[in-house]
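The residues making up each chain are set out below.
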Amino acid sequence: QAFIDSPINVKDTKAAFNFIPENVLLSNDLTLDNFRKVFDASDFWPVLWASLYYTIGGTVGALVMGLFAAQLMNMTFRGRSFLRGLYLSPYVAPVIAVALAWVLLLDPGPGGTLNALLIQLGVIEGPINFLGQRVAEISIFGLSFDFPVALTVVIIFEIWRYFPLSFLFILARMQSIDSDMYEAADMDGASPFQQFWSLSVPQLLGILSVLFLLRFIWTFNKFDDIFLLTGGNAGTRTLTVSVYEQAFAVSNIGAGAAVAVVIFGCLLTFSMFFLKYISQEEGL
């Protein structure tokens, strides 16, 4: 009752709420000093290595798997149309749905399908946290090295999800090749592998070069797949994840912008090198 009866000072109330909110985009943090902080950070080079490993592995894997699928679909057999549509399902499915399916499939808990299957087959003794384990020590011929588990699983997901794009382009190029060359090679006694290596591959180098350039750029910029699977943890933090963490997680727009410029510089350097040397050899 005393609070209700007390007079309200309108001037003090206006002064209390008279403030200008801070805009991080207009702050003085957008300086060149952010680049020094980015390169001096202790985790910059591991993050750059993870980005390159993820990009090269995902790009090459998608091209190889797409080439294999196109070679298979270039043959005539019953059910080919259905299998072609099945090949496209990973690419057209919503990324959130397929990422959730993979998380449930690779769950180290009792509901993890892959771990349960491997344990029943006697391949492993206990469950493996495929998306949460950074490295695993592997020994081959007496040599031991740390194998990046989570990052490799994310690369496998990248290959599985995006190989249909390469498959479509490669298959279209295969079907445009004159079949007379294969008939002549078959009459000369060339094996199927010799026909593929000597006839198909030279005809496909042009489209493979274009696909490699596009897939490299797209994979290097990929963010949603990694973030949905691991959140950037367990050694899967790439430069794009760093942009999100700096700009939005900790509201450091300057550092996030600096990392984005570094990504642009890396892709620009790669594109210039590719177009100057690689594409000239393929006649592009």
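Residues numbered from 1 in each chain as written. Predicted model: local features only at pLDDT ≥ 70, side-chain atom pairs only at ≥ 80, totals over all residues. Heavy atoms only, no water.

S.K.: Help me out: how do you make sense of a negative patch on the surface in this one?
M.R.: Negative charge collects at one region of the surface, where Asp178, Asp180, Glu183, Asp186 and Asp188 lie side by side. With respect to the helices and strands, the residue Glu183 is situated in helix α9 (residues 179-187). With a relative accessible area of 47%, Glu183 lands in the partly exposed category. (Patch = residues over 30% accessible without salt bridge, like charges linked within 9 Å, V, L, I, M, F, W, Y side chains within 5 Å. Areas by Shrake-Rupley, 256 points an atom, 1.4 Å probe, with all protein chains shown as cover. Salt bridge = Lys/Arg side-chain N within 4 Å of Asp/Glu carboxyl O. Lys, Arg positive; Asp, Glu negative; His and termini not counted. Charge placed at Lys NZ, Arg CZ, Asp CG, Glu CD. Helix = DSSP H or I, 4+ residues; strand = E, 2+ residues; numbered from the N terminus. Buried < 20%, exposed > 50% of the residue type's maximum accessible area, 1.4 Å probe, protein only.)

S.K.: Help me understand the nonpolar core, please; the structure alone is not making it clear to me.
M.R.: In this structure, Tyr54, Leu106 and Leu229 are the most contacted members of the largest nonpolar core, which totals 19 residues. Only α4 (44-73), α6 (95-105), α8 (149-175) and α11 (224-229) provide two or more residues apiece to this core. Setting aside its immediate chain neighbours within four residues, Tyr54 contacts Leu151, Val154, Ile155, Glu158, Thr219, Lys222, Asp225 and Ile226. (Core = buried A, V, L, I, M, F, W, Y, C linked by side-chain atoms within 4.5 Å. Contact = heavy atoms within 4.5 Å.)

S.K.: When you look at unusual backbone geometry in this model, what are you seeing that I'm missing?
M.R.: It is generally the case that most residues other than glycine have a negative phi and that most peptide bonds are trans. In the Ramachandran plot, Ala234 falls in the positive-phi region, its phi being about 60° despite a non-glycine side chain. A residue is classified by how much of its surface remains accessible, and Ala234, at 15% relative accessible area, is buried. Although it is not a glycine, Ser251 sits at a positive phi angle of roughly 55°. Summarising the element assignment, Ser251 is placed in the loop between α12 (239-249) and α13 (253-281). With relative accessibility at 45%, the residue Ser251 sits in the partly exposed group.

S.K.: Before we go on, may I ask you to explain the pattern of salt bridges in this structure?
M.R.: Working definition: two side chains of opposite charge can pair if their charged atoms are close together. By the definition in use, this model includes 7 salt bridges. Put simply, Asp40 and Arg36 hold a salt bridge, and the shortest N to O gap is 3.6 Å. Here Asp40 pairs with Arg36, and both are found in helix α3 (residues 33-40), just 4 residues apart, close to one helical turn. Residue classification places Arg36 among the partly exposed positions, given a relative accessible area of 46%. Residue Arg237 pairs with Asp43 through a salt bridge whose shortest N-O separation is 2.3 Å. With Arg237 in the loop between α11 and α12 and Asp43 in the loop between α3 and α4, the pair connects residues that are 194 residues apart, well separated along the chain. One network of salt bridges, in which partners are shared, links Asp33, Arg36, Lys37 and Asp40.

S.K.: What exactly am I supposed to notice about the packing of aromatic side chains here?
M.R.: How two aromatic rings sit relative to each other is given by the distance of their centres and the angle of their planes. For the structure shown, the criterion picks out 20 aromatic pairs. Seen from their ring centres, Phe44 and Trp45 are 4.9 Å apart, and the 75° between their planes marks the pair as edge-to-face. Between Phe227 and Tyr244, the aromatic rings sit 5.0 Å apart at their centres with planes inclined by 65°, giving edge-to-face as the arrangement. Here Tyr244 lies in helix α12 and Phe227 lies in helix α11, a separation of 17 residues in the sequence. According to the relative accessible area criterion, Phe227 is partly exposed, its value standing at 33%. Since its relative accessible area comes to 32%, Tyr244 is described here as partly exposed. (Phe/Tyr/Trp six-rings, centres within 6.5 Å; stacked < 30°, edge-to-face > 60°.)

S.K.: Any chance you could explain the packing of helix α5 (residues 80-92) against α8 here in plain terms?
M.R.: For any two helices packed against each other, one specifies the crossing angle of their axes together with the interaxial distance. Where α5 meets α8, the axes come as close as 6 Å, and the angle between the chain directions of the two elements is 135°. On the basis of the axis angle, α5 is oblique to α8. Crossing of α5 over α8 shows left-handed handedness. Between α5, through Arg84, Tyr87, Leu88, Pro90 and Tyr91, and α8, the contact on the second element is made entirely by Trp160, Arg161, Tyr162, Phe163, Pro164, Leu165, Phe167, Leu168, Leu171 and Gln175. For the contact of α5 with α8, the class distribution of residues is 12 nonpolar, 1 polar and 2 charged. (Axes fitted to C-alpha atoms, helices over the stretch in contact; angles between N-to-C directions. Parallel < 35°, antiparallel > 145°, perpendicular 65-115°, else oblique. Left-handed = near helix turned anticlockwise from the far one by under 90°. Nonpolar A, V, L, I, M, F, W, Y, C, P; charged D, E, K, R; others polar.)

S.K.: Quick question: what am I supposed to make of a nonpolar patch on the surface here?
M.R.: On the surface, Leu52, Ile56, Val60 and Val64 cluster together into a nonpolar patch covering about 310 Å² of accessible area. Tracing the sequence through the fold places Val60 in helix α4.

S.K.: Any chance you could explain the side chain of Thr240 here in plain terms?
M.R.: Relative to the helices and strands, Thr240 is located in helix α12. In this structure the side chain of Thr240 is engaged in a polar contact, spanning 2.8 Å, whose partner is the backbone oxygen of Lys222. Side chain to side chain, Thr240 and Thr238 meet in a polar contact 3.0 Å long. (Polar contact = N/O pair within 3.5 Å; in protein donor to acceptor, adjacent residues only side chain to side chain.)

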